[in-house]
Amino acid sequence: MMPMMGMQPQIILLKEGTDTSQGTPQLVSNINACMALADTVRTTLGPRGMDKLIHDDKGRVTISNDGATIMKLLDVVHPAAKTLVDVSLSQDAEVGDGTTTVVILSGEFLREAKPFVEEGVHPRSIIKSYRQACNLAVSKLKELSVSLEGKGEEEKRQLLLKCAATSLNSKLVSGEREFFAQMCVDAVSCLDSSTLDLKMIGMKKVIGGGLRDSFLVDGVAFKKTFSYAGFEQQPKSFNNPKILLLNIELELKSEKENAEIRLDDPAKYQSIVDAEWNIIYDKLAKCAESGAQIVLSRLAIGDLGTQYFADRGIFCAGRVPEDDLQRMAKATGARMQTT
């Protein structure tokens, strides 16, 4: 018997412990993994839901009953169960609420489909039935929905307040949901109605105080940054000022590169030192000459720059978080300067 020319046996190398099951057993395994994940967050649902304490490998401890937060912190390895994590994160990004509900509903749909899979029903038939059920459910929701078109501003506001209070009903702040619902609606009402960019709403956490000490700033606010001597001498109140947003350092820094300079005359060393000072003074002078009264930078503004601006009646702040600078740029129409 002549061996077949050009034919070589296929060798598949798999990691030790790899599950190679196929067909119905693998479908059942996937469903079981998703059901186990859904059962993990099931007890957090509703106003009487319990909080979960999650301890990660970095030693950080998180207590939450928010479905998206829990899903994000869980180290899920199973590829099928990971899809439930993606569903929860998508729900959080698109809607902002119902993250726990969508995971539990997905788990229940799979739980109901499991007996049909075990009996040999083709998955395509099950999917087709679910799509028909989805169309029926959407049509029923449209019948029950309440349209905001043609309603007055006050009536729209009352509906938004009810929606916000319902979302807060299962959160830690449920005891003060009317207070925070009012704040949420006021914040969203400040956004551009055509885009409703939620990134323009920032939340700052300050240690100490009660829930009622929270308040809404109708503008742009950021936490006080690290300040040097001279900060106290700077003015803190302006009326219609010019604002300069920077993405450059305004402090003396040693060379980042491993530069080597060889001098044949010791007197030339002073010229190199003077050049470094001239560079920083040139940057500061250009900022002052621009006419700006407020200078904000994503990078550091050193003690020299702080005192320089204080002497000229200019307020400055360095190491401002980038998202706060983006809100400032959106609110004022400024553009961040990088050179």
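As a reminder, the structure under discussion sits directly above these lines.
Just so it is clear, the structure is predicted and the values come from calculations on it, not from any experiment.

Peer 1: Help me understand the overall build of the protein in this model?
Peer 2: Broken down by element type, the protein carries 10 helices and five strands. Its C-alpha radius of gyration of 30 Å places the protein more than 25% over the 20 Å reference for a compact globule of 339 residues. A principal-axis box enclosing the C-alpha atoms of the protein has dimensions of 90 × 80 × 35 Å. Counting only contacts in the protein whose residues sit at least 6 apart along the sequence, the fraction spanning at least 24 positions is 63%. When the accessible area of the protein is evaluated, it comes to approximately 24500 Å², of which 55% is carbon and sulfur surface. If you average the places of the 41 positive and of the 45 negative side-chain charges in the protein, the two averages end up 4 Å apart.

Peer 1: So what exactly am I meant to see when it comes to unusual backbone geometry here?
Peer 2: Apart from glycine, the bulk of residues carry a negative phi angle, and the bulk of peptide bonds sit in the trans form. One non-glycine residue, Asn240, lies in positive phi territory at about 55 degrees. Within the secondary structure, Asn240 is located in the loop between helix 7 (177–189) and strand 3 (243–246). For Arg319, which is not a glycine, the phi torsion comes out positive at approximately 55 degrees. By the element assignment, Arg319 lies in the loop between strand 5 (315–317) and helix 10 (322–332). Residue classification places Arg319 among the partly exposed residues on the basis of a relative accessible area of 44%.

Peer 1: How should the sheet that holds strand 3 be read in this particular structure?
Peer 2: Sheet strands pair via backbone hydrogen bonds, and the direction of the pair is either parallel or antiparallel. Spatial strand order, 3-4-5: three strands in an open sheet with parallel pairing. Each edge of the sheet is formed by a strand with only one pairing partner; in this case those strands are strand 3 and strand 5. Each neighbouring strand pair of the sheet contributes to a mean axis angle of 10 degrees, computed without reference to strand direction. When strand 4 (residues 294–297) meets strand 5, the two strands line up parallel, connected through three bridges. The residue of strand 5 that forms the bridge with Leu296 is Ala317.

Conventions adopted
- Residues numbered from 1 in each chain as written.
- Predicted model: local features only at pLDDT ≥ 70, side-chain atom pairs only at ≥ 80, totals over all residues.
- Heavy atoms only, no water.
- Helix = DSSP H or I, 4+ residues; strand = E, 2+ residues; numbered from the N terminus.
- Rg over C-alpha atoms; globule rule 2.2 N^0.38 Å.
- Contact = heavy atoms within 4.5 Å.
- Areas by Shrake-Rupley, 256 points an atom, 1.4 Å probe, with all protein chains shown as cover.
- Lys, Arg positive; Asp, Glu negative; His and termini not counted.
- Charge placed at Lys NZ, Arg CZ, Asp CG, Glu CD.
- Buried < 20%, exposed > 50% of the residue type's maximum accessible area, 1.4 Å probe, protein only.
- Pairing = 2+ DSSP bridges.
- Axes fitted to C-alpha atoms, helices over the stretch in contact; angles between N-to-C directions.

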